[in-house]
Each structure stands twice: as C-alpha cells, then as structure tokens.
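Given next are the chains, with one letter for each unit.
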Amino acid sequence: MITISDTASDKIKEMLDAEGTPDMFLRIGVKEGGCSGFSYGMGFDDEHHDGDNELELKGLKVVVDGDSVKYLHGLVIDFKESAMGGGFTIENPNASATCGCGSSFRTAADAGKPAAAGEC
C-alpha cells in the first residue's frame, strides 16, 4: 500500500528516537484543504483511533486512518537532501493534479475541498 525509501525510513527512525517516547509511531493521513483539494498529514502519534490501519514498513510502525486509505494506495515517501537542507517527498499515483508546494493534490474521482486562494 505505502512504500518508504531507505533514506526516508532512516530519517523517520532518527526523528522518532529524538522524541524519546517508545510507543510513538508514524501517522499518515489526508484531509480536505490545500490549494488542490486535499493535503497530506504526516507526523508522530501515540494514540490509535477506530478505523486505523496499522502497517509495519522497514521496521517502522505506520498508521493510516480508514478515510485516508483510498487516497494513499501506492504512495511513495522519500527523503531528499538539498543545498537548502532536506525534506520528505511524496509521490502519489492517485493524484491527477498537484500544487506547486507538493503537499496538496486531487484525484480524478475526488477533488476534495480546496482552501482559500493563497493557502497551500
């Protein structure tokens, strides 16, 4: 369902270790908003919710809420270093359009609810 590159996995593990909370996991989701209709959410959590889907990817515990699963099938998460630092990149085969900031998308079947002009 979701692929995390070795580089991204290493970075996430490093960040989780820095949190110092042993029960934390990576939560990935989608919510309405962003300039294209949907935006990605990715962060650390330690609480499960009804409908969550739990995955084990490269030694990482990853949780996706049930509503987001249909938008994230085939998702690829990577981490790229650049002269300006580094950051996570997301490739989503379900996205029919994305915005310039790369954190917002829509699918052919669902346009979501774009945020107000200028919000990405």
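The model shown is predicted, which means the values in this text are computed figures rather than measured ones. (Residues numbered from 1 in each chain as written. Predicted model: local features only at pLDDT ≥ 70, side-chain atom pairs only at ≥ 80, totals over all residues. Heavy atoms only, no water.)

## Describing the nonpolar core
When a protein is soluble and globular, its nonpolar side chains tend to lie buried together. In plain terms, the rule: Among buried residues, those of type Ala, Val, Leu, Ile, Met, Phe, Trp, Tyr and Cys that are joined through side-chain atoms within 4.5 Å constitute a nonpolar core. The classification of residues rests on relative accessible area computed with a 1.4 Å probe and restricted to protein chains. Under 20% of the type maximum is buried, over 50% is exposed, and intermediate values are partly exposed. The contact criterion used throughout is that any non-hydrogen atoms of two residues lie within 4.5 Å.
Ile2, Ile4, Ile28, Val62, Leu72, Leu75 and Ile77 are the most contacted members of the largest nonpolar core, which has 20 residues in total. When neighbours within four sequence positions are excluded, Ile77 is seen to be in contact with Ile2, Thr3, Ile4, Ser5, Ala8, Ile28, Met42, Phe88 and Thr89.

## Quick notes on the confidence of the model for the protein
Heads up, the condition is: Note on scores: pLDDT gives the predictor's confidence for each residue, bounded by 0 and 100. Helix and strand definitions here come from DSSP, where helices need a minimum of 4 consecutive H or I residues and strands a minimum of 2 consecutive E residues; each element is numbered from the N-terminal end.
The share of residues in the protein with pLDDT of 70 or more is 83%, and the mean pLDDT across the chain is 85. Highest mean pLDDT in the protein belongs to strand β5 (residues 60-64) (96); lowest belongs to strand β9 (residues 104-107) (65).

## With respect to the sheet that holds strand β7 (residues 85-91)
Our working rule: Note on pairing: DSSP must find at least two bridges between two strands before they are called paired. All axes here are fitted lines through C-alpha atoms, helices being fitted over the stretch that makes contact, and every angle between N-to-C directions spans 0 to 180 degrees.
Strands sit in the order β1-β6-β7 across an open sheet of three strands; the sheet is mixed. Unpaired on one side and paired on the other, β1 (2-4) and β7 mark the two borders of the sheet. Between one strand and the next, the sheet's axes are offset by a mean angle of 20 degrees, whatever the strand orientation. Strands in contact with helix α1 (residues 6-19) are β1, β6 (75-82) and β7; relative to β6, the strand with the most contacts, it is inclined by about 80 degrees.

## Re unusual backbone geometry
Across the chain, the bulk of peptide bonds are trans and the bulk of non-glycine residues have phi less than zero. Of note, the phi angle at Lys58 is positive, near 50 degrees, even though the residue is not glycine. Within the element layout of this structure, Lys58 appears in the loop between β4 (53-57) and β5.

## Some points on the packing of aromatic side chains
Heads up, the condition is: Each pair of aromatic rings taken from Phe, Tyr and Trp, with Trp reduced to its six-membered ring, is defined by centres within 6.5 Å and is described as stacked if the planes are under 30 degrees apart, edge-to-face if over 60, and tilted in the remaining cases.
Enumeration according to the criterion identifies two aromatic pairs in this entry. For the pair Phe38 and Tyr71, a centre-to-centre distance of 4.6 Å together with 40 degrees between the ring planes defines the contact as tilted. Within this pair, whereas Phe38 is found in strand β3 (residues 37-45), its partner Tyr71 is found in helix α2 (residues 69-72), the two being separated by 33 residues in sequence. The exposure class assigned to Phe38 is buried, which follows from its relative accessible area of 3%.

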